[in-house]
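Residue strings, one per chain:
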Amino acid sequence: MLLNDAQEDARFADVGSVLNLQILSVLCVPFVVKGVVRGAIYLENRFRSGAFDDEDLEIITYLNDQVAIAFENAGLYQEAIKDGTTGLYARNYFFGRLDEEMRRAARFQKGFCLMLIEVENLKLVRDLYGHGVGDRVLLEVV
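Procedures and definitions
Residues numbered from 1 in each chain as written. Predicted model: local features only at pLDDT ≥ 70, side-chain atom pairs only at ≥ 80, totals over all residues. Heavy atoms only, no water. Helix = DSSP H or I, 4+ residues; strand = E, 2+ residues; numbered from the N terminus. Rg over C-alpha atoms; globule rule 2.2 N^0.38 Å. Buried < 20%, exposed > 50% of the residue type's maximum accessible area, 1.4 Å probe, protein only. Contact = heavy atoms within 4.5 Å. Areas by Shrake-Rupley, 256 points an atom, 1.4 Å probe, with all protein chains shown as cover. Lys, Arg positive; Asp, Glu negative; His and termini not counted. Charge placed at Lys NZ, Arg CZ, Asp CG, Glu CD. Phe/Tyr/Trp six-rings, centres within 6.5 Å; stacked < 30°, edge-to-face > 60°. Patch = residues over 30% accessible without salt bridge, like charges linked within 9 Å, V, L, I, M, F, W, Y side chains within 5 Å. Salt bridge = Lys/Arg side-chain N within 4 Å of Asp/Glu carboxyl O. Axes fitted to C-alpha atoms, helices over the stretch in contact; angles between N-to-C directions. Nonpolar A, V, L, I, M, F, W, Y, C, P; charged D, E, K, R; others polar.

Enquirer: Got a minute to help me understand the overall build of the chain in this structure?
Expert: Looking only at helices and strands, the chain has five helices and three strands in total. Ordered by position in the sequence, the α and β elements of the chain form the string β-α-β-β-α-α-α-α. Expected size for 142 residues packed as a compact globule is a radius of gyration near 14 Å; at 26 Å, the chain overshoots this value by more than 25%. Its C-alpha atoms put the chain at 70 × 45 × 30 Å along the principal axes. Counting over 142 residues, the chain shows a buried share of 20%. Of all intrachain contacts in the chain linking residues separated by at least 6 positions in sequence, the fraction that spans at least 24 positions is 35%. A total of about 10700 Å² of accessible surface is found on the chain, and carbon and sulfur atoms cover 55% of it. Seen as two clouds, the 15 positive and the 22 negative side-chain charges of the chain have centres 12 Å apart.

Listed below in structure tokens is the structure:
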């Protein structure tokens, strides 16, 4: 959205903040990740109509694309380090973090405690009743 004068735009006729703050120029570009709007870059100018032009829109759109990529990468990273069923950290990530925490405890000369829970016969439950039942058992434990 590129507006030269928000005060004259009918879409903002009932928007108190635009009217009260006497916002003139508006430049707003939503960023979309996997087809879902996750936010927007919004710029406003109260001092001059037409403060933004097509070149500004092009720059903000480019910046916006980079933000969308960063959000998508963050989501992919979360998917990569967490188990889809339980939401717990995956084994490799867990051991990396465990190593970090053990080093931190040693560096600050603090105690360290770790509790592990093993679900006995989970493989047998999955073999007999299927992965869906096994997943429900895990979720009950977690």
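There's plenty left to go through after this.
Enquirer: What exactly am I supposed to notice about the packing of aromatic side chains here?
Expert: The geometry of an aromatic ring pair is captured by two quantities: the separation of the ring centres and the angle between the planes. Scanning the entire structure with this criterion turns up four aromatic pairs. Centroid distance Phe31 to Phe71: 5.0 Å. Interplanar angle 45°. Geometry classified as tilted. In this pair, Phe31 sits in strand β2 (residues 25-33) while Phe71 sits in helix α2 (residues 54-81), placing the two residues 40 residues apart along the sequence. The structure contains a cluster of three or more aromatic residues connected by ring pairs, namely Tyr77, Tyr89 and Tyr93.

Enquirer: What should I look at first to understand a negative patch on the surface in this one?
Expert: Residues Asp53, Asp54, Glu55 and Glu58 make up a contiguous surface patch of negative charge. Accessibility expressed as a relative area gives 59% for Asp54, which makes it exposed.

Enquirer: Help me understand the packing of helix α4 (residues 122-129) against helix α5 (residues 131-141) in this model?
Expert: Two numbers describe a pair of packed helices, the interaxial angle and the distance between the axes. For the pair α4 and α5, interaxial distance at closest approach is 7 Å and the crossing angle is 145°. Across from Leu122, Val125, Arg126 and Tyr129 in α4, the residues of α5 making contact are His131, Val133, Gly134, Asp135, Val137 and Leu138. Each residue belonging to the contact of α4 with α5 can be placed in one class, and the counts come to six nonpolar, two polar and two charged.

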